[in-house]
Amino acid sequence: MEWDVVDVKPIAPLALRVQFADGTVGKVQFEPSHLTGVFSILRDPIIFQQAYISDGAVAWPGDLDLAPDAMYTAIKAQGEWVLR
């Protein structure tokens, strides 16, 4: 799928650079206010740095992942996806 993530790199605290199968590249930025519930574990910089790709999605240990289609749509339109 075009929205499959093929590369992910943490680039700053709470920010990732992602590349999709079609070559689209952009930034995912977490606002601290988004880091609640299941996402609260990402407040730990060591955990956040462990981002990896699982079945075309950005994921972290503990079965936490991001919807690649929503990420792709936002990045394609604005160059970034801000999670507030």
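Residues numbered from 1 in each chain as written. Predicted model: local features only at pLDDT ≥ 70, side-chain atom pairs only at ≥ 80, totals over all residues. Heavy atoms only, no water.

Looking at this structure, how should I read unusual backbone geometry?
With the exception of glycine, most residues fall at negative phi, and the peptide bonds are largely trans. Phi angles above zero are rare outside glycine, and D55 is one such case at about 50°. Along the chain, the position of D55 falls in the loop between β4 (52-54) and β5 (57-60). Although it is not a glycine, D63 sits at a positive phi angle of roughly 60°. With respect to the helices and strands, D63 occurs in the loop between β5 and β6 (64-65). (Helix = DSSP H or I, 4+ residues; strand = E, 2+ residues; numbered from the N terminus.)

Before we go on, may I ask you to explain the sheet that holds strand β2 (residues 15-20) in this structure?
Within a sheet, adjacent strands bond to each other through the backbone by hydrogen bonds, running parallel or antiparallel. The strand order across the open sheet formed by four strands is β1-β2-β3-β7, and the pairing between neighbours is mixed. Unpaired on one side and paired on the other, β1 (5-12) and β7 (80-83) mark the two borders of the sheet. Recorded for the sheet is a direction-independent mean angle of 20° between the axes of neighbouring strands. Relative to strand β3 (residues 25-30), β2 is paired through five bridges, and the arrangement is antiparallel. By the bridge assignment, V18 is partnered in β3 with G26. (Pairing = 2+ DSSP bridges. Axes fitted to C-alpha atoms, helices over the stretch in contact; angles between N-to-C directions.)

What should I look at first to understand the pattern of salt bridges in this one?
Two side chains carrying opposite charge are able to pair once their charged atoms lie near each other. Scanning the model with the defined rule gives three salt bridges in all. Notably, a salt bridge pairs R17 with D7, separated by 3.3 Å at the nearest N-O pair. Highlighted residues: R17 in strand β2 and D7 in strand β1, separated in sequence by ten residues. Between D22 and K76 there is a salt bridge, with its nearest N and O atoms 3.7 Å apart. Separated by 54 residues along the polypeptide, D22 in the loop between β2 and β3 and K76 in helix α2 (residues 68-78) bring together distant segments of the chain. (Salt bridge = Lys/Arg side-chain N within 4 Å of Asp/Glu carboxyl O.)

Just checking my understanding: could you explain the pairing of β3 for this structure?
Consecutive side chains of a regular strand alternate in pointing toward one face of the sheet and then the other. Between β2 and β3, which follow one another and run antiparallel, lie four residues, and G23 among them has a positive phi close to 95°. With four bridges joining them, β3 and β7 adopt parallel strand pairing. Bridging across to β7, K27 finds its partner in E80.

Explain α2 to me, please; I cannot follow it from the model alone.
Along an α-helix, residues three or four apart share an orientation, since each turn contains 3.6 residues. Three or more residues of α2 are buried, namely P68, M71, Y72, A74 and I75. Residues of α2 that are buried sit in contact with β1, β2, β3, β5 and β7. The first or second residue beyond α2 is G79, which carries a positive phi of 85°. (Buried < 20%, exposed > 50% of the residue type's maximum accessible area, 1.4 Å probe, protein only. Contact = heavy atoms within 4.5 Å.)

Fair warning: the whole summary comes from geometry, so function is off the table for now.
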